[in-house]
Structures are given as structure tokens and as C-alpha cells.
Amino acid sequence: MEPDHYRFGGGSSATVLHPLVAVAMVLAIFLILWAPLKNVLAPLLFAIFLIPKGQVLVLAGIHLNVYRIILLAGLARWVMSRRKAPLAGGFNTIDRLFTAGALSLFIIFSLQYMATQALIKSLGDLLDSLAGYFVLRFLIRDRETVRETIRVMAIVAFIAGICMINEQRTGVNVFGLLGGTLSISETRNGAIRSMGPFLHSIPAGAFGATLVPLLIWLWSDKKFQKTAILGFLGATVMAITCHSSTVLGCYVGGIFGLCMWPLRKQMRVIRYGLLVLVIVLHLVMKGPVWSLLEHIDLTGSSENFHRYQLVDTFIRHFDEWWLLGTQNNGSWGWEMADTSNEYVTYGIGGGLLTFVLFIALISKCLGRIGTKRKLVSGNRNEEWFFWCLGSAMFSHLVVFIGIDYFDQMLLAWFVLLAMISTSVSITTGSDKAIQIRPPRYRKRWYTNHELDEEFQESRLLNVL
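First, a word on scope: everything that follows refers to the structure included in this document. Note that the structure is a prediction, hence the values are computed from the model and not measured.

1. Focus: the pattern of salt bridges
Counted according to the given criterion, the structure contains 11 salt bridges. A salt bridge links Arg-68 to Asp-128; the nearest nitrogen and oxygen atoms lie 2.8 Å apart. Taken as a pair, Arg-68 in helix 4 (residues 66-81) and Asp-128 in helix 6 (residues 116-139) lie far apart in primary sequence, 60 residues in all. Here the two residues Arg-68 and Asp-128 agree in accessibility, since each one is buried. Residue Asp-125 is joined to Lys-121 by a salt bridge in which the shortest nitrogen-to-oxygen separation is 2.4 Å. Of the two residues, Asp-125 and Lys-121 are both situated in helix 6; the distance of 4 residues between them amounts to about one turn of the helix. You can call Asp-125 partly exposed: its relative accessible area is 32%. Residues joined by salt bridges that share partners form a network here, namely Glu-144, Arg-147 and Asp-221.

What follows is the structure, encoded as C-alpha cells:
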């Protein structure tokens, strides 16, 4: 079983706050609170992604890392501006599923341990999740703010990529010199695994890999092609220098999703075909279909057997975790306390309810993206935007197999969710009018703006 300090988050017992970080944090807070609303995203995202999460202010045993302090400032700005700037498109199903999942994880994890430390940790995680997601939902309001978000993340990727190349050359992480992350880079089989401002090399690479589909969409706008190219180079460097098979698979997954664009109208057939293929493989293989994870090694140093064993033991011990999760996963086998799989982490930490809510959130996002893409059918620019969002989501789903998000990468996931939630909720000039004929209602024409969410998702919709 994992030790208590690992189980409940660990962290420094004293304040770790470099003077330069303190100055940057104060400046970011000032801009978040008082800058025009359209200029708030940049300082918030730069502070979140370029300041190591290990930079922390400890007050009376409470860990206030810079990540959390910045989010609290963003939350304060939302409260100050809420009447003038409510959530774009309103509080929708994606928002509700995210909130329900966060609350479920908080309640079940607390009940599972029944300990003060566990309650404090879960309260902190709940604050990080809800504040992080809803601050971004508040700030990402339309297509322009989506574009601005991707532009800022492209700059972050370029800066981090340069620093990660320097790690390969010197073995020293410049962000680690500030404190809060490792200053001497990790090596495996003689290869340096760069991590930049992140707490581990895999989330550092995952940040770059999952950003690629969004950068390719940004490149389609001539005004931002240079930024997109620099971001793409930085993101690719991040994915390569972390030396992780999981990240390379994620990078390929995002590109694969984009390459499926010509077959976008046949995706239903392709999805069912893949489902049938998985079932057939499961029936004819000597081991379960998830044992394929054991054979994926793109760098020659992957812990592919551990990935397979983690999924296999998780499934076989369903009776132990389905109700309130489990704290005994460390006894399942070698290194089973290291739940380097996002799906497994949600199940172990929050039981079947939280796991189902997490899957439902993913399903709803992909479903709404597909519905919206059909609504703008015929407008290639709009269709391509939603296709790139879906490809970015797919790349996250791939990397979830090899890691659970625990540092700034968690906010990168929230960024994508917020962009999707906003984009599928607002009406654009390209949306087609659609005709619906709900029971007991007379025939009438509705625009996308007039349709409520239930009608949009109903099978009664006929896209003209």
C-alpha cells in the first residue's frame, strides 16, 4: 500500500516560492483582477503553465500552490463580472456532468478514507477542478477567445520546447532552478526525459502532443500561421524529448484523427467496425484484448507490462472498487499503487459512479461536437474547427491510457473541455436552420439559438 504522504498528495512541508515566481504571480493576479476581460486569459494561462506547480505557499498546514492562487484570482474575477458576463451558452449538460463528476469524486474519496487528511486533499482537488474549469468557461466565450487560448498555449509550447531541448543538451531543467520541480532531469536507459515546468516528463510531452490538432486548426487562419508554426515546433519537441511511448502514441492519435477528415461522413460505420474488431480480437486472442498494451513500446524503455497489468487487475478487482473506490489497490500486485491510467484513477478514487460520470462527460463532448459539425455541414471552415476539437479530444483519450493528470496538464484538459462546452453552446452565423417535429407540437422552423438542448440532442432532429 502506498504511504500516506503519497496517497494524500504529498507536497512540501514548507513554503517554496522563488522571488521571481512571487513577482510573476503578483503581476498575474493584478492583471487577472483589473485588466479588461478580453486580456485576462493570457496572464492566467502563462502563470498556470510556466510556473511549476511545486511552487507553494504553506500557511497553517494548508498548501496554496501558485496554480491554486491564480485560480482563486480568476474565480474572484468571475464573481466580480458574473452579471455582465455569464457563462457563454448557459450552464449546459457538459457543465453539469463535469460538476457531478467532481462532486462524486470528492464525496466518495472522503467516505473511502474517513480521515482528516483525505478530506483536506479532496477539498483541495475539488477547488482546483471546479475553479479551474469554470474560470476557463467564463473566460472562453466565443470563437475569438478560443483562438486566443490556443495562441497563448502555442507560445507556452514554444518556450517549454526550447527549455526541454536545453535539458537534452545539459541535463539541467531551468524551471527546476526556481524550485518546485526537478532541477536534474530524469534519465531512463541513457535517455534524458525532459519535463520543463511540469512535475513529470509524460505530462510535459502530453501537453505538446494533445495541442497539435488545435495548432493545425490555428494554422488555417492566415493571421496566426507564424504563431501556429512556432507552437507546432515546440509541441513536437515536447512530445519527442520526454521519451515516452504513451506520448508518442498520443501524438500519432491526434494526427490520425485529423487524417480521418475525408471519411467524416462514414464515421458511424467506422466506429461500429472498430467495435466489432475489438470483440473479435478479444474472442480469438489468447489473452484479453487489453493485453495489446503489453506489446506497445515505441521508445524501447516503456513500462508497457505495467500498463497492461494495471488495466487487467482493475477489471478483475471490480468487486473491490465499484461502490466507494478502494484504498487497497497497492496490494493487487507489483507497483499497482502507481495508477498511471486516468480511467483507472477515476474508478479507484471515486467508484463506479464517478467512473461512469467521467465516461459520460467524454461521450457527451464527442456527441455534441458531432451534432454541431452536422449543423454546419457545407461550411468547411466550421466543420474543420469541430473536427480538430474532436481530434484533440481523441489524443487526450489515448494518453489517458498511460498517465493520470496531476499537475498543470489537468488544466490543459479543462481548457479543451471549456472550449468544447462553449463552442457547442453558442450560435454562429454558419448554423443552419433545422426543422423539428416534437410530439404534440405543431410543425415550426427553429434556429439553433432557439432550440433547447434536449431538442438538439433528440433523434427527431432532421438536418437539412
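Having seen the model, we can carry on.
2. Quick look at the packing of aromatic side chains
This structure, assessed with the given rule, holds 25 aromatic pairs. Between Phe-314 and Phe-355 the ring centres are 6.1 Å apart and the planes differ by 50°, which places this aromatic pair in the tilted class. One end of the pair, Phe-314, is in helix 12 (residues 304-316); the other, Phe-355, is in helix 14 (residues 342-375), and 41 residues separate them in sequence. Among the residues examined, Phe-314 registers a relative accessible area of 7% and is labelled buried. For the cation-ring pair, Arg-143 lies above Phe-385, with the distance from its terminal atom to the ring centre recorded as 3.8 Å. Taking the ring centre of Trp-261 as reference, the NZ or CZ of Arg-264 above it sits at 3.8 Å.

3. Overview of helix 3 (residues 41-50)
Judged by how many residues are buried, helix 3 sits mostly within the fold: 9 of 10 residues are covered. Of the residues making up helix 3, those classed as buried are Leu-41, Ala-42, Pro-43, Leu-44, Leu-45, Ala-47, Ile-48, Phe-49 and Leu-50. The secondary structure elements touched by the buried residues of helix 3 are helix 2 (19-34), helix 4, helix 6, helix 7 (143-170), helix 8 (201-219) and helix 16 (409-425).

4. Quick word on the packing of helix 14 against helix 16
Contact geometry of helix 14 with helix 16 gives a least axis separation of 10 Å together with a crossing angle of 45°. One finds that helix 14 runs oblique with respect to helix 16. The handedness of the crossing between helix 14 and helix 16 comes out as left-handed. Contacts from Phe-358, Leu-361, Ile-362, Cys-365, Arg-368, Ile-369 and Lys-372 of helix 14 reach helix 16 at Trp-413, Leu-417, Ile-420, Ser-423 and Val-424. Of the residues belonging to the contact of helix 14 with helix 16, the class tally is 9 nonpolar, 1 polar and 2 charged.

What counts, and where the lines are drawn
Residues numbered from 1 in each chain as written. Predicted model: local features only at pLDDT ≥ 70, side-chain atom pairs only at ≥ 80, totals over all residues. Heavy atoms only, no water. Salt bridge = Lys/Arg side-chain N within 4 Å of Asp/Glu carboxyl O. Helix = DSSP H or I, 4+ residues; strand = E, 2+ residues; numbered from the N terminus. Buried < 20%, exposed > 50% of the residue type's maximum accessible area, 1.4 Å probe, protein only. Phe/Tyr/Trp six-rings, centres within 6.5 Å; stacked < 30°, edge-to-face > 60°. Lys NZ or Arg CZ within 6 Å of the ring centre and 35° of its normal. Contact = heavy atoms within 4.5 Å. Axes fitted to C-alpha atoms, helices over the stretch in contact; angles between N-to-C directions. Parallel < 35°, antiparallel > 145°, perpendicular 65-115°, else oblique. Left-handed = near helix turned anticlockwise from the far one by under 90°. Nonpolar A, V, L, I, M, F, W, Y, C, P; charged D, E, K, R; others polar.

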